[in-house]
Amino acid sequence: MATDKPKLRSQQWFDDSADPGMTALYMERYLNFGLTREELQSGRPIIGIAQTGSDLAPCNRHHLELAVRVKEGIRDAGGIALEFPVHPLQETGKRPTAALDRNLAYLSLVEVLHGYPLDGVVLTTGCDKTTPACLMAAATVNLPAIVLSGGPMLDGHWRGRLAGSGAVIWEARQRHAAGEIDYAEFMEMAAASAPSVGHCNTMGTALSMNCLAEALGMSLPGCASIPGPYRERGQMAYATGKRIVSLVTENLRPSDVMTKAAFENAIVAASAIGASSNCPPHLIAIARHLGVDLSLEDWQRVGRNVPLLVDCQPAGAWLGESFHRAGGMPAVLAELNRGGLIRGEARTVGGTSMAEQIAKVPEPDRRVIRSMAEPLKERAGFVVLSGNLFDAAVMKASVISEEFRQRYLSAPGAENVVTLRAIVFEGPEDYHGRINDPSLDVDANCILVIRNCGPVGYPGSAEVVNMLPPDRLVRQGIAQLPTMGDGRQSGTSASPSILNVSPEAAVGGGLAILRTGDLIRLDLNSDRVDLLVDEAEMESRRAALVAPTLRNQTPWQQMYREQVGQLSTGACLEPATFYLDVLGERGVPRHSH
C-alpha cells in the first residue's frame, strides 16, 4: 500500500498495525463470505450501500437489483461495496404513519454510518420518507454521500386517460361517494395507477423529495426523474457507484454540498415543480441536522413568488414519465437559472457548481416544462400562514384551482379573504364516523378542521387533512371544501388545505380550543388565519383545556412523543439536532473489545 496516501477511516478497523488484536477481530469475520485480506487491507475505500428496498417497501424494492450496478460502479472505480438494510419506510404500508418512522430510520442509519468501517455511502431513496431520513443521517455524520433515486413508476392509465398514483385514488373516493362507481371499480382505478416498479408517478412527496435532492446537489444530474424500469436507471446506478469513490478521495462531504445556497435552490425548485406540502418540514429537518439555519420564513421569502413551471399532477396534467422525457430536473433548474432564481455557486456531488452543471441543458418539451415567461401559474410557492390559532401553517398555492378561487377567494372588494364556519373533528376516526351526520349541517361555507393529528398527537403526523365533503355535497358537485389541520396531507392531493398547523392541539396549540360553529377568517392578503371570538373567550377556553391522554402502542411511540418537535421546525427528535458533524466533532467510536 502506498505510504503517501492518507489513511482511510475503514483502515482503522481493517489495517491498524499498531493494534493487531483488534484489527484481526474486525477483519476475520468480513472474510467469511468471500472477501479477502488483500482487499480489506488494500487501502481501497469501503463504500456502504444504504438499502431501503425490501418486500415491505415496494416503492423501493427495485433497489435490490439496482444495488448490483452500484456495486459494479464502486468496484470499477477502485472501491469495495458493503450493502446493508435501512429500516423500511413505505408510505402506503406503515401504520399509523410512515412519518413516525422517518426519525427511527434516521437514528438507525446514523448509528450504522458512525459505527461501521465505511468511508462513504450511497443513499438509495424513493418512497416519501426514505429521502429525508437518509439525507438527515448523512448530514449528521457528515460522511461522503450521494443519493441514488429509485425513480417513478411508468405512467398509469385508466380507461384511456392518465391515472396518477394517489391522485386517482382521491378522484375515485369522490366518485364512490357520489355513487358513480362501486367498490370493484374503486379498486380498479387505484390499481391502474401502479403499472411498474418505482415510487409515485405524480409529483407527490416521493418524486418531489427526490427532485429536491437533485436540486440540493446531492445526486447526479437527471437522477431524480428517470422511471424505475428504464435502462437509464441502471446506468445512473453504475455512475453513482463510480462517483461515490471519487467523493471519498476528494473528501467532499454533505456539509460542503448542502449549504444555505443549496437549500434556497431547493425551495425555488419546490415552487417550480409544484412540490408536495411535506417538503418544507423535510428540508428544514435536513438543514437542522447540518446546522444550517432554515425556517418557514425562508420558504416564504425565497419561494412564495416563484412560478409553477412543471405541468404534472396534482397541480397539472402529466405524470412522472412524461416529466422525465420532457427534461426532468436539469431542465427545470436551467430555466430557473435563466430567470435569475438559482444560486449558481452551490456545489454538487458531481464535482461542479450548480451553474456549471446546468449550463448546457437542452431545450425541454414545453408542453410539460413551461418557460418562466409562460408558466402555469404565477406566485405558486407555499403560503406560510399564522394568526391567533397557531404560529405557523402552510398552504400549497399551486393547487388552488380556479373553481376554488372563484367560490372562496373572489368576493368583490374582499378578494383573497373568506370567513367560514368550522366543523371540528378529533381525528380521522371521528371524521369518518360523523362527516355524513346531518346534524352538522355542513354546507359550502364551512371549513373542515381535524386536530390531534400532529407529531405528538397521532403520533407521527398523519396525512389526513384532505377531507372529502359529506356525500350529499359531493353528489351536488361540491367535491372540495376548505380544510385545516395539525396533520399533513398526501403530496398527491390537489386540496389547497391549511396544513402542518404548529403548535398542534395535543401540546396545547390553538386548534385545541376551536369549537364546531366558530367562525374562521382566512386572509391570503395578510397570510393570516384567525378565530373570530374575543380574547376573553379564547382565554376562558384555554384555561379550561385538559391535556389529552395519549395512548402509546409501542415503546418507540412513547420515545418519539417525548422527544419530537413540531412540523414547523422539521418534526425532528430535538436532542438529535445537537449532534452535528459527528465524524469531525466527536471522533472515531471506541473499540468494541
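Placed above this text is the structure.
Attention here is on the structure that accompanies the text. (Residues numbered from 1 in each chain as written. Predicted model: local features only at pLDDT ≥ 70, side-chain atom pairs only at ≥ 80, totals over all residues. Heavy atoms only, no water.)

1. Some thoughts on the pairing of strand E12 (residues 498-502)
Working step 1: Counting buried positions over the five residues of E12 gives five, a clear majority of the element.
Working step 2: Looking at chain direction, strand E8 (residues 392-396) and E12 are connected through three bridges and run antiparallel. When the bridges of E12 are listed, Met-395 appears paired with Ile-498. (Buried < 20%, exposed > 50% of the residue type's maximum accessible area, 1.4 Å probe, protein only. Helix = DSSP H or I, 4+ residues; strand = E, 2+ residues; numbered from the N terminus. Pairing = 2+ DSSP bridges.)

2. Quick notes on the pairing of strand E9 (residues 417-425)
Working step 1: Counting buried positions over the nine residues of E9 gives seven, a clear majority of the element.
Working step 2: Where E9 meets strand E13 (residues 519-523), five bridges bridge the pair, whose relative direction is antiparallel. When the bridges of E13 are listed, Arg-421 appears paired with Leu-519.

3. Structural notes on the packing of helix H6 (residues 130-141) against helix H13 (residues 279-288)
Working step 1: Relative orientation of the contacting elements H6 and H13 amounts to 15°, with a least axis distance of 8 Å. Classified by the angle their axes make, H6 and H13 are roughly parallel. For the crossing formed where H6 meets H13, the hand is right-handed. Taken together, the residues of H13 that come into contact with H6 (itself represented by Pro-132, Leu-135, Met-136 and Ala-139) are His-282, Ala-285 and Ile-286. (Axes fitted to C-alpha atoms, helices over the stretch in contact; angles between N-to-C directions. Parallel < 35°, antiparallel > 145°, perpendicular 65-115°, else oblique. Left-handed = near helix turned anticlockwise from the far one by under 90°. Contact = heavy atoms within 4.5 Å.)

4. Concerning unusual backbone geometry
Working step 1: With omega at 10°, the peptide bond leading from Gln-313 into Pro-314 counts as cis.
Working step 2: Relative to the elements of secondary structure, Pro-314 occurs in the loop between helix H14 (296-303) and helix H15 (320-326).
Working step 3: A cis geometry characterises the amide bond from Tyr-458 onward to Pro-459, with omega recorded as 0°.
Working step 4: For Pro-459, the location among the structural elements is in the loop between strand E10 (446-450) and helix H20 (471-475).
Working step 5: Its identity is not glycine, yet Asp-441 carries a phi of approximately 55°, on the positive side.
Working step 6: Under the relative-accessibility criterion, Asp-441 is labelled partly exposed at 47%.
Working step 7: Within the chain, Asn-500 stands out as a residue other than glycine whose phi angle is a positive 55°.

5. Comments concerning the environment of Ser-568
Working step 1: Structurally, the position occupied by Ser-568 is in the loop between helix H22 (555-563) and helix H23 (582-586).
Working step 2: Residue Ser-568 is classed as partly exposed on the basis of its relative accessible area of 21%.
Working step 3: With 174 residues separating them along the chain, Ser-568 and Val-394 place their C-alpha atoms 9.0 Å apart.

6. Section: the nonpolar core
Working step 1: With 178 residues, the main nonpolar core has Met-484 and Ile-498 as its most contacted residues.
Working step 2: With 10 residues, helix H12 (residues 260-273) is the largest single contributor of residues to this core.
Working step 3: Apart from residues lying up to four places away in sequence, Ile-498 is in contact with Leu-385, Phe-390, Ala-393, Val-394, Met-395, Ile-447, Val-465, Thr-483, Met-484, Gly-485, Leu-522 and Val-529.
Working step 4: Judged by nonpolar contacts, the second largest core, of eight residues, contains Val-168, Ala-172, Ile-181 and Ala-192. (Core = buried A, V, L, I, M, F, W, Y, C linked by side-chain atoms within 4.5 Å.)

7. Some remarks on the sheet that holds strand E2 (residues 80-85)
Working step 1: Read from one edge of the open sheet, four strands run E2-E1-E3-E4, paired in parallel fashion. At either end of the open sheet lies a strand with only one pairing partner, and these are E2 and strand E4 (145-149). Adjacent strand axes in the sheet meet at a mean angle of 25° when their direction is disregarded.
Working step 2: Inspection of the sheet shows strand E1 (residues 46-51) paired to E2 by six bridges, in the parallel sense.

8. Examining helix H5 (residues 99-115)
Working step 1: Between its terminal C-alpha atoms H5 stretches 25 Å, which fits the 24 Å expected from 17 residues at 1.5 Å a residue.
Working step 2: H5 sits mainly inside the fold: 12 of its 17 residues count as buried.
Working step 3: Along H5, the positions that sit buried rather than exposed are Ala-99, Leu-100, Asp-101, Arg-102, Asn-103, Ala-105, Tyr-106, Leu-109, Val-110, Val-112, Leu-113 and His-114. (Expected span 1.5 Å × (residues − 1).)

9. Overview of the pattern of salt bridges
Working step 1: Using the criterion set out here, one finds 39 salt bridges in the structure.
Working step 2: In this structure, Glu-250 engages Arg-243 in a salt bridge whose closest nitrogen and oxygen atoms are separated by 2.9 Å.
Working step 3: Via salt bridges that share partners, Lys-260, Glu-264, Asp-298, Arg-301, Arg-343 and Glu-345 belong to a single interconnected network. (Salt bridge = Lys/Arg side-chain N within 4 Å of Asp/Glu carboxyl O.)

10. Let's talk about the side chain of Ser-493
Working step 1: Structurally, Ser-493 is set in the loop between strand E11 (483-485) and E12.
Working step 2: One polar contact links Ser-493 to Asn-466, side chain to side chain, over a distance of 3.4 Å.
Working step 3: Here Ser-493 is in contact with Trp-170, Pro-314, Val-399 and Asn-466, once residues within four sequence places are set aside. (Polar contact = N/O pair within 3.5 Å; in protein donor to acceptor, adjacent residues only side chain to side chain.)

11. Observations regarding the packing of H12 against helix H16 (residues 328-338)
Working step 1: Running from N to C, H12 and H16 point in directions that differ by 110°, and their axes come no closer than 10 Å. For the element pair H12 / H16, the angle class is roughly perpendicular. Contacts between H12 and H16 involve Val-268, Ala-269, Ala-272 and Ile-273 on the former and, on the latter, Met-329, Val-332, Leu-333 and Leu-336.
Working step 2: Here the residues of the contact of H12 with H16 sort into eight nonpolar, no polar and no charged. (Nonpolar A, V, L, I, M, F, W, Y, C, P; charged D, E, K, R; others polar.)

12. Quick notes on the packing of aromatic side chains
Working step 1: The final tally for this structure, using the stated rule, is six aromatic pairs.
Working step 2: Aromatic side chains Trp-299 and Phe-382 sit 5.7 Å apart centroid to centroid with 75° between the ring planes, which places their arrangement in the edge-to-face category. Of this pair, Trp-299 sits in helix H14 while Phe-382 sits in strand E7 (residues 382-385), and the two are 83 residues apart along the sequence. Of the two residues, Trp-299 and Phe-382, both sit in the buried class.
Working step 3: Considering the side-chain rings of Trp-556 and Tyr-560, the 5.8 Å spacing of their centres and the 65° angle between planes classify their relative orientation as edge-to-face. On the criterion of helical spacing, the pair formed by Trp-556 and Tyr-560 is a turn pair, its members being four residues apart in helix H22. Here Trp-556 matches Tyr-560 in class, with each residue buried. (Phe/Tyr/Trp six-rings, centres within 6.5 Å; stacked < 30°, edge-to-face > 60°.)

Read these as geometric descriptors, not functional statements.
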